[in-house]
Amino acid sequence: MTQPHTPTPADLQKNATDGQSSEERGRTALAVGVVEKIAGMAAREVSGIHALGSGFSRTFGAMRDRVPGSKSSVGRGIKAEVGEKQTAIDIALVVEYGVVIPRLASEVRANIIEAVERMTGLEVVEVNIAVNDVHLPDEPDEDEEEAPSSSGKRPRVQ
């Protein structure tokens, strides 16, 4: 039994030149958020990443996530520029203490490039990675709930 073939950007380009190109029958536009979410999911697949985003964006995102009806942002900490055929991605990371950062950055970069190119057909021209912090084993997460107060009062809102 053979595995199904996932088209690469080269396959998509080659197929577009066979006969009538897909451009003649319509256009596909990808929102920036699509590329950011794909990149965010791909980055999170790599072991050694504690969180995405700078301290400010993580704090703001944690507050936003607590608002009823809001959805967590998979693309937090990621900025993408999307053209018709190419994209460039900037990502901010918090890494776990003890990981080899250059190796982690290389794995994250490769995983993002593979996922974005496979899913969108866009050529990823660059993935810039900023490591903003190192999470120590004894540090609490910034977005963890604070312990209930010892006064015994119930919170006013739930």
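Residues numbered from 1 in each chain as written. Predicted model: local features only at pLDDT ≥ 70, side-chain atom pairs only at ≥ 80, totals over all residues. Heavy atoms only, no water.

In terms of helices and strands, the chain carries 4 helices and 4 strands. Counting across all 158 residues of the chain, residues that qualify as buried make up 27%. Within the structure as shown, the chain displays about 11300 Å² of accessible surface, and the carbon and sulfur contribution to it stands at 52%. (Helix = DSSP H or I, 4+ residues; strand = E, 2+ residues; numbered from the N terminus. Buried < 20%, exposed > 50% of the residue type's maximum accessible area, 1.4 Å probe, protein only. Areas by Shrake-Rupley, 256 points an atom, 1.4 Å probe, with all protein chains shown as cover.)

So, about the nonpolar core. In terms of nonpolar packing, the biggest core is built from 22 residues, with Ile-49, Ile-89, Ile-91, Val-108, Ile-112 and Val-116 touching the most fellow members. Going through the elements one at a time, α2 (32–44), β1 (49–52), β2 (78–82), β3 (86–96), α4 (101–120) and β4 (123–135) are the ones with two or more residues in this core. When residues no more than four places from it in sequence are discounted, the contact partners of Ile-89 are Val-35, Ala-39, Ile-78, Lys-79, Ala-80, Ile-112, Val-116, Val-124, Glu-126, Val-127 and Asn-128. (Core = buried A, V, L, I, M, F, W, Y, C linked by side-chain atoms within 4.5 Å. Contact = heavy atoms within 4.5 Å.)

Let's shift gears to α4. With 20 residues, α4 should reach 28 Å at 1.5 Å per residue; the first-to-last C-alpha distance of 28 Å fits that figure. Along α4, the residues that are buried comprise Leu-104, Ala-105, Val-108, Ile-112, Ala-115, Val-116, Glu-117 and Thr-120. Gly-121 occupies a position one or two residues after α4 and carries a positive phi of about 80°. (Expected span 1.5 Å × (residues − 1).)

Both β2 and β3 contribute to a ladder of 5 bridges, which runs antiparallel. Opposite Glu-81, over in β3, you have Ala-88 as the bridge partner. Between β2 and β3, which follow one another and run antiparallel, lie 3 residues. (Pairing = 2+ DSSP bridges.)

So, on to the pairing of β3. For β3, the tally of buried residues reaches 8 of 11 residues, placing the bulk of the element in the interior. Inspection of the sheet shows β1 paired to β3 by 3 bridges, in the antiparallel sense. Across the sheet, Ile-49 pairs through a bridge with Val-95, a residue of β3. Here β3 pairs with β4 via 11 bridges, running parallel. Residue pairing in the sheet places Glu-96 in a bridge with His-135 of β4. For the handedness criterion, the β-α-β arrangement of β3, α4 and β4 is classed as right-handed. (Right-handed = clockwise from strand over helix to strand, strands pointing away.)

Turning to the side chain of Thr-120, a few remarks are in order. Within the element layout of this structure, Thr-120 appears in helix α4. Here Val-116 takes part through its backbone oxygen, which lies 2.5 Å from a polar atom of the side chain of Thr-120. One polar contact links the side chain of Thr-120 to the main-chain amide nitrogen of Leu-122, over a distance of 3.1 Å. The residues touching Thr-120, leaving out its near neighbours within four places in the chain, are Leu-30 and Ile-38. (Polar contact = N/O pair within 3.5 Å; in protein donor to acceptor, adjacent residues only side chain to side chain.)

With their axes 8 Å apart at the nearest point, α2 and α4 run at an angle of 140° to one another. Relative to α4, α2 is oriented oblique. For the crossing formed where α2 meets α4, the hand is right-handed. Counted together, Val-35, Ile-38, Ala-39, Ala-42 and Ala-43 of α2 and Val-108, Asn-111, Ile-112, Ala-115, Val-116, Met-119 and Thr-120 of α4 form the full contact between these two elements. In terms of residue class, the contact of α2 with α4 is made up of 10 nonpolar, 2 polar and no charged. (Axes fitted to C-alpha atoms, helices over the stretch in contact; angles between N-to-C directions. Parallel < 35°, antiparallel > 145°, perpendicular 65-115°, else oblique. Left-handed = near helix turned anticlockwise from the far one by under 90°. Nonpolar A, V, L, I, M, F, W, Y, C, P; charged D, E, K, R; others polar.)

What follows is about α2. An ideal rise of 1.5 Å per residue puts 18 Å on 13 residues; α2 measures up with 18 Å between its terminal C-alpha atoms. Restricting attention to buried positions, one finds in α2 the residues Val-35, Glu-36, Ile-38, Ala-39, Gly-40, Ala-42 and Ala-43. Turning to α2, the residues buried within the fold contact β1, β2, β3 and α4.

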